[in-house]
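# Structural characterization, general
If you want the building blocks of each chain, they are given just below.
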Amino acid sequence: SSEVPKQTFGSLALYSQLDWRVGDGFALLPGVRGEWHSRYGFVAAPRLAGSYKPSSKWIFRAAFGRGFRVPSAKEYGFAFDHSSLGYVVEGNPDLLPEKSWGVSSEAQYRPTTDVKLRVGGYANWVEKLIDTAFVGRDATAQVDTYSYVNVGRARTWGYETDAKFHVSSQLTSRIGYAYLDTYNVERQRPLIGRPPHTIKSSLDYQVTQRLDLHLHHRLVSESYIDDGLTSPAFVSVGVRCAYQATRELKLHLGVENALNVQRQSARVGDQRPQRGAAAYVGVVWATPE
């Protein structure tokens, strides 16, 4: 049987934005997006963004606007059977488009050319949010079933902060933290599968003129699945080497999920990575101009 039954969708989108330099470091960017969908008709989504740059070290940004998203073909009619990995995802042909209002802001500060600091926050109020629901578990086969549903009303908000440091001419470091809070107004519960805490870090080291080394790390907290049920926290680590063999040829060698963190089919609601460690090799050929 076909994983995605034949469906017909038609859509058209237009977007317009004005870049208005007000003066003294201020800029306004009013815009609007118009979308027509064969299944859902026409909708307009306005947006207003602005920025203020009082000096070369500081910049502030903010935005407010309307959001609109129709169900994708995957969410509408998917029948994704990965029983061998311990889960099944079912589409939902009764899904409706989600609508939202959102606001965001951020501030960037560069005390020196070698340091960049950023902090930002956001909030969204969503109607008919398209979300994943935990349907149940076949205890005999150890298979979890998920489906897509509309959440009548939901609220999400959070903030992010990160820093970038040029430690030396060869070494660059980045570290960041993100917090996410979600709330299903109808169920008075968090939205499922949204980890509230994420920490990311990376190092870029130019070993020689030809050899670059990149390390990245991600720590993800546990996330809500159902009452009394959470998906466990995990750590993901990756390594990538890039070697410029000739002016034209660049070789890449790396490992993702090096700690081999993997979903356990015997654990209910486990949403950690489906597959373990993966090595890859890449070749890039670029002709100099």
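Here's a quick rundown of the structure. Treat the numbers as computed from the prediction; the structure is a model and nothing was measured. (Residues numbered from 1 in each chain as written. Predicted model: local features only at pLDDT ≥ 70, side-chain atom pairs only at ≥ 80, totals over all residues. Heavy atoms only, no water.)

## Comments concerning the overall build of the protein chain
- The secondary structure content of the protein chain amounts to 1 helix and 18 strands.
- Each principal axis of the C-alpha atoms in the protein chain carries an extent, and together these give about 55 × 50 × 40 Å.
- Considering the protein chain as a whole, with its 289 residues, one finds that 31% of them fall into the buried category.
- For the protein chain, contacts bridging at least 24 residues in sequence account for 53% of all contacts bridging at least 6.
- Summed over its atoms, the accessible surface of the protein chain is roughly 17,300 Å², and 56% of this surface lies on carbon and sulfur atoms.
- Distance between charge centroids for the protein chain: 4 Å, based on 34 positive and 28 negative side chains. (Helix = DSSP H or I, 4+ residues; strand = E, 2+ residues; numbered from the N terminus. Buried < 20%, exposed > 50% of the residue type's maximum accessible area, 1.4 Å probe, protein only. Contact = heavy atoms within 4.5 Å. Areas by Shrake-Rupley, 256 points an atom, 1.4 Å probe, with all protein chains shown as cover. Lys, Arg positive; Asp, Glu negative; His and termini not counted. Charge placed at Lys NZ, Arg CZ, Asp CG, Glu CD.)

## Section: the nonpolar core
- Core analysis: the biggest nonpolar cluster contains 11 residues, these being Tyr-87, Val-89, Leu-95, Ile-130, Phe-134, Tyr-146, Tyr-148, Ile-192, Tyr-224, Ile-225 and Leu-229.
- Counting only elements with at least two residues in this core, the list comes to strand 7 (87-90), strand 9 (115-138), strand 10 (143-166) and strand 14 (223-226).
- Ignoring any residue separated from it by four or fewer positions in sequence, one finds Ile-225 in contact with Phe-134, Ile-192, Gly-193, Thr-230, Ser-231, Gly-269 and Gln-271.
- Val-126, Leu-129, Val-151 and Leu-191 belong to the second-largest nonpolar core, a separate cluster that totals 5 residues. (Core = buried A, V, L, I, M, F, W, Y, C linked by side-chain atoms within 4.5 Å.)

## Quick look at the pattern of salt bridges
- All told, the structure shown has 13 salt bridges when counted by the stated rule.
- A salt bridge links Glu-160 to Arg-118; the nearest nitrogen and oxygen atoms lie 3.2 Å apart. Linking Glu-160 in strand 10 with Arg-118 in strand 9, this pair joins segments that are 42 residues apart in sequence.
- Here Glu-160 falls in the partly exposed class, since its relative accessible area comes to 33%.
- Take Arg-118: its relative accessible area is 18%, and that puts it in the buried class.
- In this structure, Arg-187 engages Asp-226 in a salt bridge whose closest nitrogen and oxygen atoms are separated by 3.7 Å. Separated by 39 residues along the polypeptide, Arg-187 in the loop between strand 11 (171-184) and strand 12 (197-206) and Asp-226 in strand 14 bring together distant segments of the chain.
- Residue Asp-226 is classed as partly exposed on the basis of its relative accessible area of 27%.
- The network of salt bridges with common partners includes Arg-61, Glu-106, Arg-118, Glu-160 and Asp-162. (Salt bridge = Lys/Arg side-chain N within 4 Å of Asp/Glu carboxyl O.)

## A closer look at the pairing of strand 3 (residues 26-37)
- The pairing of strand 1 (residues 11-17) with strand 3 spans 7 bridges and is antiparallel. Across the sheet, the residue bridging to Ser-16 is Val-32, located in strand 3.
- The sheet contact formed by strand 2 (residues 20-23) and strand 3 spans 3 bridges and is antiparallel. Along strand 3, the bridge assignment pairs Trp-20 with Leu-28. (Pairing = 2+ DSSP bridges.)

## Focus: the packing of aromatic side chains
- Following the criterion strictly, the structure yields 8 aromatic pairs and no others.
- Ring geometry for Trp-157 against Tyr-159: centres 6.4 Å apart, planes inclined by 35 degrees, an arrangement best described as tilted.
- Where Tyr-159 meets Tyr-177, the ring centres are 6.1 Å apart and the plane angle is 55 degrees; that geometry is what we call tilted. Here the residue Tyr-159 occupies a position in strand 10, and Tyr-177 occupies one in strand 11, the gap between them amounting to 18 residues.
- Judged by its relative accessible area of 35%, Tyr-159 is partly exposed.
- Here the aromatic cluster, defined as three or more aromatic residues joined through ring pairs, consists of Trp-157, Tyr-159, Tyr-177 and Tyr-179. (Phe/Tyr/Trp six-rings, centres within 6.5 Å; stacked < 30°, edge-to-face > 60°.)

## Examining the environment of Val-22
- Within the secondary structure, Val-22 is located in strand 2.
- Taking C-alpha positions, Val-22 is 46 Å from Asp-94, a pair spaced 72 residues apart along the chain.

## Focus: the environment of Tyr-205
- Mapped onto the elements of the fold, Tyr-205 is located in strand 12.
- Along the chain, Tyr-205 and Leu-215 lie 10 residues apart, while their C-alpha atoms are 8.6 Å from each other.
- Contact partners of Tyr-205, with chain neighbours within four places excluded, come to Gln-170, Leu-171, Leu-211, Asp-212 and Leu-213.

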